[in-house]
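For reference, the chains in residue letters:
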Amino acid sequence: MTISVGLVGAGPWAEMVHAPILAAGPDTRLVGVWARRPEAAARFGVPVYERIEELFDNCEAVAFSVPPAVQAELGVLAARAGKALLLEKPLAADLDGARRLADAVAEAGVPSQMVLTWRYSAATRAFLARVSAIEPFGGNAVSVSGSMLGGDFATPWRLERGAILDIGPHMIDMLDAALGRVTGVRAHGNPRGWVGLLLEHETGAVSEASLCMSVPGETPPSRVDVYGRLGSEHLDGSRLGPDSFAVMLAEFAETVARGGGHPLDAAHGLRLQEIIATAERELERQA
């Protein structure tokens, strides 16, 4: 099944990722774009709609490539219009926005899926399958870059909130998948510098995540390491491969055809946002 998808947003990430992969198929067909700057969307080669409601009228599903606060606002409108949602991480800029969006998705009964790209990689899925065999009791995740120092992704919301809101969902989600549902979090550091998270999992495992996007020069690939009673397993982010987006869109099309039920849905995005919000509150108390 090929689903018709409308794109909300026309920034660098939309240009580099969303527009080309949605247009490439075979599981999706890009049918139009809405953006706050219509002139930026013209380069995608599909109709550009002046009103977002017109985009909704011409597609089955909506993909978002906008700042988190904007996604939370417009995602509610898309859900109420009965559209399936392909949602970026984080789900929203704050917990209230995330709850409103997740509630709107649930109330409308529309399919949703998060763009947690690590989870769609064959390398990640093989890693998680191996982890289950080592009886894991702990691990760590590290993501360090200079993205906040300049370039296309030194955007206002990233500069304001730091690594915890941007790369935090990826790393927390990976540790959650490898070690069991996160039930507690403690945090220390500087949101715009280095942030450390100590996670407690329902399995009794504990893990740490180190997050930073303000390191100049060359930095190592993001990495996840898990240790257990029967050994250890490691996943290097540079080895995830190019398959993630194709798998994600194939699963999104299947989710839309089925009517919902993907494990990485808006409710999962809300749970990640709850963990991040708890960590941010603790960082604010320490400041």
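Reading the values: rules and limits
- Residues numbered from 1 in each chain as written.
- Predicted model: local features only at pLDDT ≥ 70, side-chain atom pairs only at ≥ 80, totals over all residues.
- Heavy atoms only, no water.
- Helix = DSSP H or I, 4+ residues; strand = E, 2+ residues; numbered from the N terminus.
- Expected span 1.5 Å × (residues − 1).
- Buried < 20%, exposed > 50% of the residue type's maximum accessible area, 1.4 Å probe, protein only.
- Core = buried A, V, L, I, M, F, W, Y, C linked by side-chain atoms within 4.5 Å.
- Contact = heavy atoms within 4.5 Å.
- Pairing = 2+ DSSP bridges.
- Axes fitted to C-alpha atoms, helices over the stretch in contact; angles between N-to-C directions.
- Phe/Tyr/Trp six-rings, centres within 6.5 Å; stacked < 30°, edge-to-face > 60°.
- Salt bridge = Lys/Arg side-chain N within 4 Å of Asp/Glu carboxyl O.

*Asks:* When you look at helix α9 (residues 168-179) in this model, what are you seeing that I'm missing?
*Replies:* Within an α-helix, residues lying three or four positions from one another point in the same direction, as the helix has 3.6 residues per turn. In this model α9 runs 16 Å from its N-terminal to its C-terminal C-alpha over twelve residues, within 8% of the 16 Å that 1.5 Å per residue would give. Most of α9 is tucked away, with eleven of its twelve residues classed as buried. Looking only at α9, the buried set comprises G168, P169, H170, M171, I172, D173, M174, L175, D176, A178 and L179. One or two residues past the end of α9 sits G180, with phi positive at roughly 110 degrees.

*Asks:* How should the nonpolar core be read in this particular structure?
*Replies:* In terms of nonpolar packing, the biggest core is built from 96 residues, with L7, V8, F64, L85 and L197 touching the most fellow members. The residues contacting F64, other than those within four sequence positions of it, are V8, H18, Q71, L74, G75, A78, L85, L86, L87 and E88.

*Asks:* How do you make sense of the sheet that holds strand β3 (residues 61-64) when you look at a structure like this?
*Replies:* Pairing between the strands of a sheet comes from backbone hydrogen bonds, and it takes one of two forms, parallel or antiparallel. On the basis of which strands lie adjacent, the open sheet formed by five strands has the order β2-β1-β3-β4-β5 and parallel pairing. Only two strands of the sheet have a single partner each, and these edge strands are β2 (28-34) and β5 (112-114). Each strand axis lies, on average, 20 degrees off the axis of its neighbour in the sheet, ignoring direction. Relative to β5, strand β4 (residues 84-87) runs parallel, the two sharing three bridges. For L86, the partnering residue across the bridge sits in β5 and is Q113.

*Asks:* So what exactly am I meant to see when it comes to the packing of aromatic side chains here?
*Replies:* For any pair of aromatic rings, the description consists of the separation of the ring centres together with the inter-plane angle of the planes. Going through the model one piece at a time under the given rule, you end up with one aromatic pair. Note on W13 and F153: the rings are 5.8 Å apart at their centroids and 80 degrees apart in plane angle, and the pair reads as edge-to-face. Within this pair, whereas W13 is found in helix α1 (residues 12-24), its partner F153 is found in the loop between β6 (136-144) and α7 (156-161), the two being separated by 140 residues in sequence. With relative accessibility at 32%, the residue W13 sits in the partly exposed group. A relative accessible area of 24% places F153 in the partly exposed class.

*Asks:* What am I meant to see in the pattern of salt bridges here?
*Replies:* When the charged atoms of two side chains with opposite charge come close together, those side chains can pair. A full pass over the atoms with the stated rule returns 13 salt bridges. Across the pair R43 and E15 runs a salt bridge whose closest N-O atoms are separated by 3.2 Å. On the criterion of sequence distance, the pair formed by R43 in the loop between α2 (38-41) and α3 (52-57) and E15 in helix α1 is long-range, its members being 28 residues apart. In this structure, R51 and E53 form a salt bridge, with 3.6 Å as the shortest nitrogen-oxygen distance. Residue E53 is classed as partly exposed on the basis of its relative accessible area of 36%. Salt bridges sharing partners connect three or more residues here, namely K89, R158 and D166.

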